[in-house]
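What follows is the residue order along each chain.
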Amino acid sequence: MQMDSVESAGGRLGAVLSSPRSGVVALGPHGPWLTTTPGLARQVLTDVSGFDFPGDVTRSGDLSGSRGDTRSGHVTFQPVQPDQVWRGVAVFTTEWEAALSTHDRSSPHEPYDAMVLLRRPVARSTTSAVLPSLDLEQRDLVADLVLDWIDALAPVIAARRPPRRWSRIRRTERDARVALYAALAATPDLDVPPQLTATLLAAGIQVPIAAGSWLLAWLASQPTAELDPVHVVWETLRLTPPTWITARITTREMDLGGQRVPAGDVVLVSPLLLGRQPDLVPGDPAGVPGFDPGRWQDDTQRPGAWLPFGAGPHACPGRHLGMAVLTRLAEWGLSLDLSLSERVTVDQSRGIAPLPCRFTISDGREPAR
Ligand code: HEM
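In this text, all values refer to a predicted model and were calculated from it rather than measured experimentally. (Residues numbered from 1 in each chain as written. Predicted model: local features only at pLDDT ≥ 70, side-chain atom pairs only at ≥ 80, totals over all residues. Heavy atoms only, no water.)

Caption draft 1: Structural detail: the overall build of the protein. Scanning the protein for helices and strands turns up 11 helices and 12 strands. Since a compact globule built from 369 residues should have a radius of gyration of about 21 Å, the 20 Å found for the protein is in line with a globular shape. Overall size of the protein, expressed as C-alpha extent along the three principal axes, is 60 × 55 × 40 Å. Counting across all 369 residues of the protein, residues that qualify as buried make up 49%. For the protein, the proportion of contacts with a sequence separation of at least 24, taken over those separated by at least 6, is 70%. Working note: accessible area of the protein is about 16800 Å², and carbon and sulfur atoms make up 54% of it. Across the protein, 35 positive and 40 negative side-chain charges occur, with their mean positions spaced 8 Å apart. (Helix = DSSP H or I, 4+ residues; strand = E, 2+ residues; numbered from the N terminus. Rg over C-alpha atoms; globule rule 2.2 N^0.38 Å. Buried < 20%, exposed > 50% of the residue type's maximum accessible area, 1.4 Å probe, protein only. Contact = heavy atoms within 4.5 Å. Areas by Shrake-Rupley, 256 points an atom, 1.4 Å probe, with all protein chains shown as cover. Lys, Arg positive; Asp, Glu negative; His and termini not counted. Charge placed at Lys NZ, Arg CZ, Asp CG, Glu CD.)

Here you go:
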């Protein structure tokens, strides 16, 4: 059982991957513009006065929760601190075991579905890390409401055009968002507006679920003897970074590597494209598209140079938590022999996610739990 390659996925992904790697390229007659070198990508992500966010996550134009001074009203988030990371990983470990046991009890003959199985462990882990003062009942309620909001947002984000204000998917999304804001407003010690906490939680839950699913898909599709879990995480984030592309809008005419980009144009940065640049990846350039965590034993290249967590003031504030949870998941996966039970395809409706991502534990060893 195999995985479809990102290279063969087509759609926007295919258009970006097949573009020339010549600095800045226009993907259409009037953009969007794609940066194809780490230097230019960094320029776009770090110069926030010249390259602003395109809008808010709900595509509603409602920026009332924002306190920022950029045109989009985007704010910066405090990085997740080491004690929060520690708490998040501890909760993930417990909740992952619980999710596996629940599956084994309720559907013992069914394969595990990574995108489903990871939901509650990741949601509760991130919620515990971000909101330490919640008791377990409140935490589980908030975690479930974030998952509801993420689900309700999916069709809004996937729609080709922003859905109309009173459309069903817009109303469903608004109801889920309002329910989450209300639960957050009722939590003790919330020192930032519920809107910002909701954004932090949603980003910190949706992306790691996809990343963790990719990681399990890779482990279930390859021999994994002798691999280092941290190398597995970096290699997953190199080949299949869930946030495979991010956009900014030029606030004025900008010079990007000698290319004039007009004000108001979209400029794209793709960690997935950069992760396939041979000069950022150790080993034989011909092997760059292949999953080979062992390549990171060669420390001549720094993992992460392809920006899987972004860069600049809006780089991911949860990266240490994300890395730690994924490393824990890799340790679990490497202690077993996982096999894919269905072919994995690349879902591009929101970032990238492996769909379906169903696997079995296929050898006679006892699960390490
Ligand atoms: C494997 C895990 C993760 C990956 C790969 C990841 C990736 C990213 C990337 C690439 C960005 C930058 C997007 C851009 O520049 O437009 C980002 C931003 C963000 N991430 Fe993460 N992330 C992960 C985990 C988390 C976690 C655990 C949290 C929260 C606890 C989180 C919260 C956020 C937030 C709030 C932003 C927006 C920052 C801003 O706009 O200032 N992420 N993430």
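Caption draft 2: Inspection of the environment of F309 at higher detail. Of note, F309 is situated in the loop between α10 (271-274) and α11 (319-334). F309 sits 233 residues away from T76 along the chain, and the two C-alpha atoms are 14 Å apart. Residues in contact with F309, not counting those within four places in the same chain, are W234, L237, A315, C316, R319 and M323.

Caption draft 3: Looking closely at the coordination of the iron atom of the ligand. Protein coordination of the iron atom of the ligand rests on one atom only, C316 (SG), at 2.3 Å. Structurally, C316 can be placed in the loop between α10 and α11. (Donors = N, O, S within 2.8 Å, 3.2 Å for Na, K, Ca; no water.)

Caption draft 4: Focus on the packing of helix α6 (residues 136-158) against helix α8 (residues 194-220). With their axes 10 Å apart at the nearest point, α6 and α8 run at an angle of 75° to one another. Relative to α8, the element α6 is oriented roughly perpendicular. Contacts from V142, V146, L147, W149 and I150 in α6 reach A198, T199, L201, A202, I205, Q206 and I209 in α8. Of the residues contributing to the contact of α6 with α8, the split by class is 10 nonpolar, two polar and no charged. (Axes fitted to C-alpha atoms, helices over the stretch in contact; angles between N-to-C directions. Parallel < 35°, antiparallel > 145°, perpendicular 65-115°, else oblique. Nonpolar A, V, L, I, M, F, W, Y, C, P; charged D, E, K, R; others polar.)

Caption draft 5: How the structure looks around the packing of helix α7 (residues 168-185) against α8. One way to put it is that α7 packs onto α8 with a least axis distance of 9 Å and a crossing angle of 110°. Here α7 is positioned roughly perpendicular relative to α8, judged by the angle of their axes. In this structure, α7 crosses over α8, and the sense of that crossing is right-handed. Residues L180, Y181, L184 and A185 of α7 form the contact with α8, whose participating residues are P194, Q195, T197, A198 and L201. (Left-handed = near helix turned anticlockwise from the far one by under 90°.)

Caption draft 6: Spotlight on the environment of A353. Note that A353 resides in strand β11 (residues 353-355). Each C-alpha atom, one on A353 and one on R252, is 34 Å from the other, the two residues being 101 residues apart in sequence.

Caption draft 7: Broad picture of the nonpolar core. Counting 101 residues, the largest nonpolar core has W96, V142, I205, L215, L216, W332 and L338 as its most contacted members. Among the elements that line this core, the one with the most residues is α8, at 13 residues. If we ignore the near neighbours within four places in the chain, the residues touching I205 are V122, A123, T126, T127, V146, L147 and I150. (Core = buried A, V, L, I, M, F, W, Y, C linked by side-chain atoms within 4.5 Å.)

Caption draft 8: Expanded view of α6. For α6, which comprises 23 residues, the first-to-last C-alpha distance of 33 Å matches the rise-based estimate of 33 Å (1.5 Å per residue) to within 8%. Among the residues of α6, R139, D140, V142, A143, L145, V146, L147, W149, I150, A152, L153 and V156 are the ones counted as buried. The elements touched by buried residues of α6 are α3 (82-106), α5 (119-130), α7 and α8. With a side-chain oxygen lying 3.1 Å from the backbone nitrogen of E137, the N-terminal cap of α6 falls on D135. (Expected span 1.5 Å × (residues − 1). Polar contact = N/O pair within 3.5 Å; in protein donor to acceptor, adjacent residues only side chain to side chain.)

Caption draft 9: Summary view of the sheet that holds strand β9 (residues 338-340). Spatially, the three strands line up as an open sheet ordered β4-β12-β9, and their pairing is antiparallel. Edge strands, defined here as strands with exactly one partner in the open sheet, are β4 (112-113) and β9. Here β4 runs beside strand β12 (residues 358-361); their pairing, made up of two bridges, is antiparallel. Bridging from a neighbouring strand, Y112 pairs with F359 of β12. Relative to β9, α8 is tilted by about 95°, and along the sheet it contacts β9 and β12. (Pairing = 2+ DSSP bridges.)

Caption draft 10: A look at the sheet that holds strand β2 (residues 33-35). Spatially, the five strands line up as an open sheet ordered β1-β2-β8-β5-β3, and their pairing is mixed. The open sheet is flanked by β1 (24-26) and β3 (51-52), the only strands paired with a single partner. By the bridge criterion, three bridges tie β2 to strand β8 (residues 266-269) in an arrangement that is parallel. Considered in β8, the bridge of T35 is made with V269.

Caption draft 11: Spatial organisation of unusual backbone geometry. Omega for the peptide link from G31 to P32 comes to 0°, which places this bond in the cis form. With respect to the secondary-structure elements, P32 resides in the loop between β1 and β2. Note that the residue after L355, namely P356, is joined by a cis bond; omega there is -15°. Residue placement: P356 occurs in the loop between β11 and β12.

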